[in-house]
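Read off the chains here:
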Amino acid sequence: MREMLTMTTPPALFDLTGRTALITGSSQGIGLALARGLAQAGAGVVLNGRDAAKLAAACESLRAEVPGARVTTAAFDVTDAAAIEREVARTEAEFAPVDILINNAGIQRRAPLAEMTEAQWREVLDTNLTSVFLVARAVAPRMIARGAGKIINTCSVMSEVSRPTIANYAAAKGGLKMLTRAMAVEWARHGLQCNGIGPGYIVTELNRALVENVEFNKWICGRTPAGRWGQPEELVGATVFLASPASNFVNGQILYVDGGLLAAL
Ligand code: NAP
Ligand code: GCO
């Protein structure tokens, strides 16, 4: 056993040099922070979003922040199956094979459930859940052919609990927890590790209205044992772990990074 432990030194366990990560929804927020952290760990990164100009700006800033980093962009809507297939094929042909897929793109459309429109329901389920099926369906066969790959899905504490006005989002993130496990069950035998990260309340554009709401801000800081909102950068450690050789025997797990929120009544 001792020999096994000395086989790989800690830095190598978390070294992503030579690997390439596609991070959906990475033109801002959590996705961009994860891309930055993966680049700092040595990975080449492919930024994604629908807005090409926003992507170009994010790409430029990342190249400046992480000198020598391999950074490119792939603009596509994660709900558009044809665009996904086209951009994944182009990325693998022109940039590098995708070793790490982070299904991170997501939206919120808050409304009381009894008043929620079909459009609000479908847009959230399409973007936060079905998209993960569509993108993984394009990437996983290539990983399976190579006998290796890391898939990390951005779940949420809403994969476990809900609150009023986000039934669509909670349903999507609850489904994403089980889709993550289903991926692990089918693809682990092919050398893939499929897991998720479960952020708590993080300060991003998606939550701007909540952060700026004095009453909600007070509630969430009281509801979170750490007594504060999280920052996107605080999700990087868990993501690098799940993207690296350190997690080669970890499958079907959701790693919650929530300041203790789910531990508390
Ligand atoms: P954000 O700041 O609003 O960023 C969302 C990103 O997703 C943007 O880059 C956006 O770019 C992209 N995106 C949205 N719809 C897309 C689509 N159809 N196709 C491709 N890209 C799309 O949100 P965030 O807080 O970073 O959220 C990122 C992920 O973390 C989401 O899955 C969210 O559910 C999850 N999450 C967030 C929190 C939190 O507290 N913030 C907590 C738990 C989980 P474009 O609009 O340019 O396409
Ligand atoms: C909300 C928030 C949450 C967070 C996150 C918590 O309306 O309560 O948007 O859904 O974004 O998902 O983990």
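Draft legend 1. Geometry of the site of ligand 2. Around ligand 2 lies a shell of 14 residues, among which R110, R163, Y169, Y201 and N207 are the nearest. Q108 is positioned such that a nitrogen or oxygen atom in its side chain is 3.0 Å from an oxygen atom of ligand 2. N207 places a side-chain nitrogen or oxygen 2.7 Å from an oxygen atom of ligand 2. For ligand 2, the protein covers 97% of the area, taking 330 Å² as the surface of the free molecule.

Draft legend 2. Focus on the environment of G106. Within the secondary structure, G106 is located in the loop between strand 4 (100–103) and helix 6 (118–146). Residue classification places G106 among the partly exposed positions, given a relative accessible area of 35%. Once residues lying within four places of it in the same chain are set aside, the contact partners of G106 are T127, N128 and L206.

Draft legend 3. Looking closely at the pairing of strand 1 (residues 20–23). Along strand 1, one buried face is formed by T20 and L22 and the opposite face, lined by A21 and I23, is buried too. Where strand 1 meets strand 2 (residues 44–49), 4 bridges bridge the pair, whose relative direction is parallel. Paired with T20 across the two strands is G44, which belongs to strand 2. As a crossover connection, the stretch from strand 1 through helix 3 (residues 29–40) into strand 2 is right-handed. Pairing between strand 1 and strand 4: 3 bridges, direction parallel. Within the sheet, the bridge partner assigned to A21 lies in strand 4 and is I100.

How each quantity is defined
- Residues numbered from 1 in each chain as written.
- Chains lettered and ligands numbered in written order.
- Predicted model: local features only at pLDDT ≥ 70, side-chain atom pairs only at ≥ 80, totals over all residues.
- Heavy atoms only, no water.
- Near = heavy atom within 4 Å.
- Polar contact = N/O pair within 3.5 Å; in protein donor to acceptor, adjacent residues only side chain to side chain.
- Areas by Shrake-Rupley, 256 points an atom, 1.4 Å probe, with all protein chains shown as cover.
- Helix = DSSP H or I, 4+ residues; strand = E, 2+ residues; numbered from the N terminus.
- Buried < 20%, exposed > 50% of the residue type's maximum accessible area, 1.4 Å probe, protein only.
- Contact = heavy atoms within 4.5 Å.
- Pairing = 2+ DSSP bridges.
- Right-handed = clockwise from strand over helix to strand, strands pointing away.

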